[in-house]
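Structural characterization, general
The chain contents come next:
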Amino acid sequence: MSDLSTRRVDGKALGKAMGSLWAGAVVVLGLTARQGWGDEWRDLLSDVYLGYDSTTRGLVVGGVWAFADGFVGAYLLASLYNLFRNSED
């Protein structure tokens, strides 16, 4: 059994998980905005993710942007965690 204190966080796996979760949330937000709920949040995200809106094409574009954003953020978080974790040993 490996020593838990030397385990590293898999940045790619964490990135895929976070990217998928965030992309799903952004798409659901766009779908609810079609019903009139969360318009302000949709407008905020459309300022960040170019091409994002409540149309089918806009949801796909926003989902791709959100996946990339979530992946990169989680990958960097895992990398920093591993760096700081290794510096303590």
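Analysis parameters
- Residues numbered from 1 in each chain as written.
- Predicted model: local features only at pLDDT ≥ 70, side-chain atom pairs only at ≥ 80, totals over all residues.
- Heavy atoms only, no water.
- Helix = DSSP H or I, 4+ residues; strand = E, 2+ residues; numbered from the N terminus.
- Contact = heavy atoms within 4.5 Å.
- Axes fitted to C-alpha atoms, helices over the stretch in contact; angles between N-to-C directions.
- Parallel < 35°, antiparallel > 145°, perpendicular 65-115°, else oblique.
- Left-handed = near helix turned anticlockwise from the far one by under 90°.
- Nonpolar A, V, L, I, M, F, W, Y, C, P; charged D, E, K, R; others polar.
- Core = buried A, V, L, I, M, F, W, Y, C linked by side-chain atoms within 4.5 Å.
- Buried < 20%, exposed > 50% of the residue type's maximum accessible area, 1.4 Å probe, protein only.

Topic: the environment of Phe 67
One can find Phe 67 in helix α3 (residues 56-88). Separated by 45 residues in sequence, Phe 67 and Trp 22 have C-alpha atoms that sit 6.3 Å apart. Discounting residues that sit within four places of it in the chain, Phe 67 has contacts with Lys 16, Gly 19, Ser 20 and Ala 23.

Quick notes on the packing of helix α1 (residues 11-34) against helix α2 (residues 39-48)
Remark: α1 packs on α2, axes separated minimally by 9 Å, with the N-to-C direction vectors making an angle of 130°. Considered as vectors, α1 and α2 are oriented oblique to each other. For the crossing formed where α1 meets α2, the hand is left-handed. Every residue of α2 that contacts α1 at Trp 22, Val 26, Leu 29 and Ala 33 is listed here: Asp 39, Trp 41, Arg 42 and Leu 45. A breakdown of the residues in the contact of α1 with α2 according to their chemical character gives 6 nonpolar, no polar and 2 charged.

Some thoughts on the side chain of Asn 82
Among the secondary structure elements, Asn 82 is positioned in helix α3. Among all residues touching Asn 82, those that are not within four sequence positions of it are Arg 8 and Val 9.

Observations concerning the nonpolar core
Judged by nonpolar contacts, Ala 23, Val 26, Leu 29, Leu 45, Tyr 49, Tyr 52, Leu 59 and Ala 66 together constitute the single largest core of 8 residues. Among the elements of the structure, α1 and α3 are those that each provide at least two residues to this core. When residues of this core are assigned to their parent elements, the largest contribution, 3 residues, is made by α1. Excluding its chain neighbours within four sequence positions, the residues that come into contact with Leu 45 are Trp 22, Val 26, Leu 29 and Tyr 52.

By themselves, these are just geometric observations and shouldn't be taken as functional.
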